[in-house]
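Each chain is listed here by its residues.
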Amino acid sequence: MMRLNDPITELKGIGEKTAIFYHKLNIFSIEDLIKHYPRDYEEWRDIVKIGELKENQVHAVRAMVISAPQTIHIRKNMSITTVRIKDDTGACDIIYFNMPYIKNNLQVGKQYIFRGRIVLKNHMITFDQPKIVSAQEFAQNVHRLTPIYPTTKGLTIAAITKIMHLAVDCLDWGQDYLPACVCQRYGLPELKSAVTGIHFPKNYIELTAARKRLVFEEFLFFILSIMILKDMTAQETNDAPMMRVAACQDLICKLPYKLTAAQRRVWEEIEQDMCSTRLMNRLVQGDVGSGKTIVAVLAILMCVMNHHQAAFMAPTEVLAKQHYESVLELVQNYQLPLKPVLLTGSLTAKEKRRAKENIVLGTGNVIIGTQALLQDDVDFHDLRLVITDEQHRFGVKQRETLALKGMQPHILVMSATPIPRTLALILYGDLDISVMDELPANRLPIKNCVVNTNYRQKAYEFIAKEVENGRQVYVICPMVEPNDEIMGDMPILENVVEYTEKLKKTLPETVCVEYLHGQMNPKAKNFIMEEFAAHRIDVLVSTTVIEVGINVPNATVMLVENAERFGLAQLHQLRGRVGRGKDQSYCILISSTTQNDTMERLQVLNRSNDGFFISSEDMRLRGPGDLFGIRQSGQFQFRLGDIYQDAKILQEAQNCAANLYDAYTHPEKYSREYQVFWEHYETNIASNVDFINI
Ligand code: ADP
Ligand code: MG
């Protein structure tokens, strides 16, 4: 029997070598493994007729071989074998690469079941290397959901599936940590059946129930940690209130634009917080482009004029660098007394040493960087304000780290994730919330269109024209690299690497096309982003890494491939990367399915520019049936849960949390089951409470 925190090498079939592949997926323990949830499921559907085959889909047919397999050798190490098959509705070809021996398995005049993806070859419907499936195997798998796991080079879905079966079978499940009355009340299966059901569901009903339990649990632990955090921060007092300063009003007057009413209101709230006798713990929630950065700069200026240091943290180096540069520009334009210091991972050792010296001596008074700023060996002179931009809230651990260094700063969190108020109250329960619900008036609304793949050629012509006029373009694809696993009947997912090659060939030679994705190293990412910002790149093909915060006002086109794969809130974030300058901007969403409900959903973006409205419409339109495969992303990256589509579960978890928290503070009133729960929390969850970096 195995336990959750045993290393995966305990499993038969995972040796030291194989383990390395799993480590790449961040899987070290059995627990990590069973939390490696499928990203989708494949359903083996019924056999169809050859006459019904559709391009790009995975189909099974029962058909007779009518010609002896023909193999031709194209070049050394490359052969193609072609076989013709027919049923009573038509005939088609099958092709195999480098599998000449397949002819031994196929007899002319006999019937077989073939299952695989359909491609177009010379405009003819063709089976691309289908599996030959026995009647028995087909009967076993038809209508079953088989998991599709995220993989990495060297690990196939089949290999992960096999190991997962083994893990689920040999695990010692012990007593479920959720009290039975909780499971009963909220209709949740117990742990073992939930884990089995998420990996190997018999049907959608079982899958939905399994998923509900696991999502519920994710939310529950999150909410409880927030409750504990809130109790902690409620007791923090501010023993050195700041004074209002004239420099801020001065800067506001000198800016080339007038602050919106929302910006002014939020700024006042922040000013008040910093002057009060309690520490600030505030969230500023404002749609993309609502102008949060300048409000942050005002807070920084006030802090510095009060002779303290401020830190400004961003989730990526690219964004940190960008903030650093815009602060520098403000300093120069308005002679502000700010002395910004940039500290990021990709500085040289010498640069880092100098930056840290400036930070500890106080010669730098605005420290800009990634979250690493607050960890490691960085010592501050007198840090009194921490602003996190487009980032996660501040975790218990980070507070502790700072407290240990003798610092209790005001905390300001900036977020563009559109969340309806009811959800925000749950997810940000420990923070005061300011809403910036107004865009600067001078913006031209972005023009949107939702189209299918037939429109691509036109889109490319449009891109070429915009580039010729000196504008820049983003193209978003859902995948990084080609992925040749069969993925059910889903449309092909475009990938950044091949798409870039394709665009280079399609667009005029003078257009510079480059790509960016999350698996590149930080230096390479920075480099590409800087090149794009400096307009040495015209078209940037990227995954959604581009989604947070980037500000390149000269970019006017956002083209999203496989738009159906993204949640509306996420698409809205992506769209927010354009329309930041004076030029008319465009957002082109290419959908690979023409299903009505998908098109209708995407049309919401056409009708609205309001992130709050968009996210709630998305929730309403998708309904509970469409729980798998789409993620909204944004700041709340739970493993399974999605705050939008699982909003109802989130509410339930919130109700349940209140009850469990009472058991935490008054254990004597509750049964042993509740103690088991809190013991599990203390040993497995609390120690990871940096979770708040979800
Ligand atoms: P976000 O809220 O998405 O972080 P930014 O702070 O990056 O938005 O602001 C987007 C752009 O709008 C910047 O170029 C900024 O200078 C400009 N901006 C900010 N406030 C105003 C305003 N009141 N009027 C006009 N432009 C503004
Ligand atoms: Mg921003």
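Our structure's up above, just so we're on the same page.
This text gives an overview of the structure that appears in the document. (Residues numbered from 1 in each chain as written. Chains lettered and ligands numbered in written order. Predicted model: local features only at pLDDT ≥ 70, side-chain atom pairs only at ≥ 80, totals over all residues. Heavy atoms only, no water.)

**Quick notes on the side chain of Glu271**
Here's step 1: Here Glu271 lies in helix α9 (residues 261–275).
Here's step 2: Within polar-contact distance, the side chain of Glu271 engages the side chain of Arg244 at 3.1 Å. (Helix = DSSP H or I, 4+ residues; strand = E, 2+ residues; numbered from the N terminus. Polar contact = N/O pair within 3.5 Å; in protein donor to acceptor, adjacent residues only side chain to side chain.)

**Points about the pairing of strand β10 (residues 309–313)**
Here's step 1: Buried residues dominate β10, accounting for five of its five residues.
Here's step 2: Both faces of β10 are covered, namely the face carrying Gln309, Ala311 and Met313 and the face carrying Ala310 and Phe312.
Here's step 3: Across five bridges, the pairing between β10 and strand β13 (residues 383–389) is parallel. Bridge pairing in β13 links Gln309 to Leu383.
Here's step 4: Here β10 pairs with strand β12 (residues 366–369) via four bridges, running parallel. Among the inter-strand pairings, Phe312 is bridged to a residue of β12, identified as Ile368. (Buried < 20%, exposed > 50% of the residue type's maximum accessible area, 1.4 Å probe, protein only. Pairing = 2+ DSSP bridges.)

**Points about the site of ligand 1**
Here's step 1: The local shell around ligand 1 holds 17 residues, among which Lys258, Gly289, Lys292, Thr293 and Arg443 are the closest.
Here's step 2: Here an oxygen atom of ligand 1 and a side-chain polar atom of Thr293 are 2.7 Å apart.
Here's step 3: For ligand 1, an oxygen atom lies 3.0 Å from a polar atom in the side chain of Arg580.
Here's step 4: Look at ligand 1: alone it shows 570 Å² of surface, and the protein chains cover 85% of it. (Near = heavy atom within 4 Å. Areas by Shrake-Rupley, 256 points an atom, 1.4 Å probe, with all protein chains shown as cover.)

**Examining the packing of helix α7 (residues 204–234) against helix α22 (residues 672–685)**
Here's step 1: Between α7 and α22, the shortest axis-to-axis distance is 12 Å and the interhelical angle comes to 85°. With respect to each other, α7 and α22 are oriented roughly perpendicular. Between α7 and α22, the contacting residues are Leu220, Phe221, Leu224, Ser225 and Ile228 on the first element and Phe677, Trp678, His680, Tyr681 and Ile685 on the second.
Here's step 2: Here the residues of the contact of α7 with α22 sort into eight nonpolar, two polar and no charged. (Axes fitted to C-alpha atoms, helices over the stretch in contact; angles between N-to-C directions. Parallel < 35°, antiparallel > 145°, perpendicular 65-115°, else oblique. Contact = heavy atoms within 4.5 Å. Nonpolar A, V, L, I, M, F, W, Y, C, P; charged D, E, K, R; others polar.)

**Things to note about the sheet that holds β12**
Here's step 1: The parallel open sheet is built from seven strands, whose spatial order is β11-β12-β10-β13-β14-β9-β15. The sheet is open, and its two borders are formed by β11 (340–343) and β15 (432–436), each paired with just one other strand. Averaged over neighbouring strand pairs, the angle between their axes works out to 20° when direction is ignored.
Here's step 2: Bridge count for β13 against strand β14 (residues 410–415) is five bridges, and the pairing is parallel. Following the sheet pairing, Ile387 is matched in β14 by Leu412.
Here's step 3: Against the sheet, helix α11 (residues 317–334) contacts β10, β11, β12 and β13, and its axis sits at roughly 165° relative to β11.

**Observations concerning the pattern of salt bridges**
Here's step 1: According to the stated counting rule, one finds 25 salt bridges in the structure shown.
Here's step 2: Here Asp273 makes a salt bridge to Arg282, at a shortest N to O gap of 2.6 Å.
Here's step 3: In this structure Asp273 comes out as buried when scored by relative accessible area, which is 14%.
Here's step 4: Of the charged contacts in the structure, one is a salt bridge between Asp583 and Arg471, with a shortest N-O distance of 3.6 Å. Of the two residues, Asp583 sits in the loop between α18 (568–575) and β21 (586–591) while Arg471 sits in the loop between α15 (456–468) and β17 (472–476), which places them 112 residues apart along the sequence.
Here's step 5: The class for Arg471 is buried, based on a relative accessible area of 19%.
Here's step 6: One salt-bridge network, in which partners are shared between bridges, spans Asp176, Arg213 and Glu217. (Salt bridge = Lys/Arg side-chain N within 4 Å of Asp/Glu carboxyl O.)

**Side note on the sheet that holds β17**
Here's step 1: Ordered by their spatial adjacency, six strands build an open sheet running β16-β21-β20-β17-β19-β18, and the pairing between neighbours is parallel. Each end of this open sheet is capped by a strand with a single partner; those strands are β16 (447–452) and β18 (513–516). Strand-to-strand twist of the sheet, defined as the mean angle between neighbouring strand axes without regard to direction, takes the value 20°.
Here's step 2: Relative to the sheet, α18 contacts β16, β17, β20 (555–560) and β21, its axis offset from that of β20 by approximately 150°.

**Considering the packing of aromatic side chains**
Here's step 1: A complete count under the given rule lists 14 aromatic pairs for this structure.
Here's step 2: Taken together through their ring pairs, the aromatic side chains of Tyr177, Phe221, Tyr661, Tyr664, Phe677, Trp678 and Tyr681 make up a single cluster.
Here's step 3: Positioned above the aromatic ring of Trp44 is the side chain of Arg115, whose terminal nitrogen or guanidinium carbon lies 4.1 Å from the ring centre. (Phe/Tyr/Trp six-rings, centres within 6.5 Å; stacked < 30°, edge-to-face > 60°. Lys NZ or Arg CZ within 6 Å of the ring centre and 35° of its normal.)

**Comments concerning the packing of α11 against helix α17 (residues 522–533)**
For any two helices packed against each other, one specifies the inter-axial angle together with the distance between the axes.
Here's step 1: Direction vectors running N to C along α11 and α17 enclose 45°, while the axes themselves pass 9 Å from each other. The angle between the axes of α11 and α17 places the two elements in the oblique class. By crossing handedness, the relation of α11 to α17 is classed as right-handed. Contacts between α11 and α17 pair Glu317, Val318 and Lys321 from the former with Pro522, Lys525, Asn526, Met529 and Glu530 from the latter.
Here's step 2: Split by residue class, the contact of α11 with α17 holds three nonpolar, one polar and four charged. (Left-handed = near helix turned anticlockwise from the far one by under 90°.)

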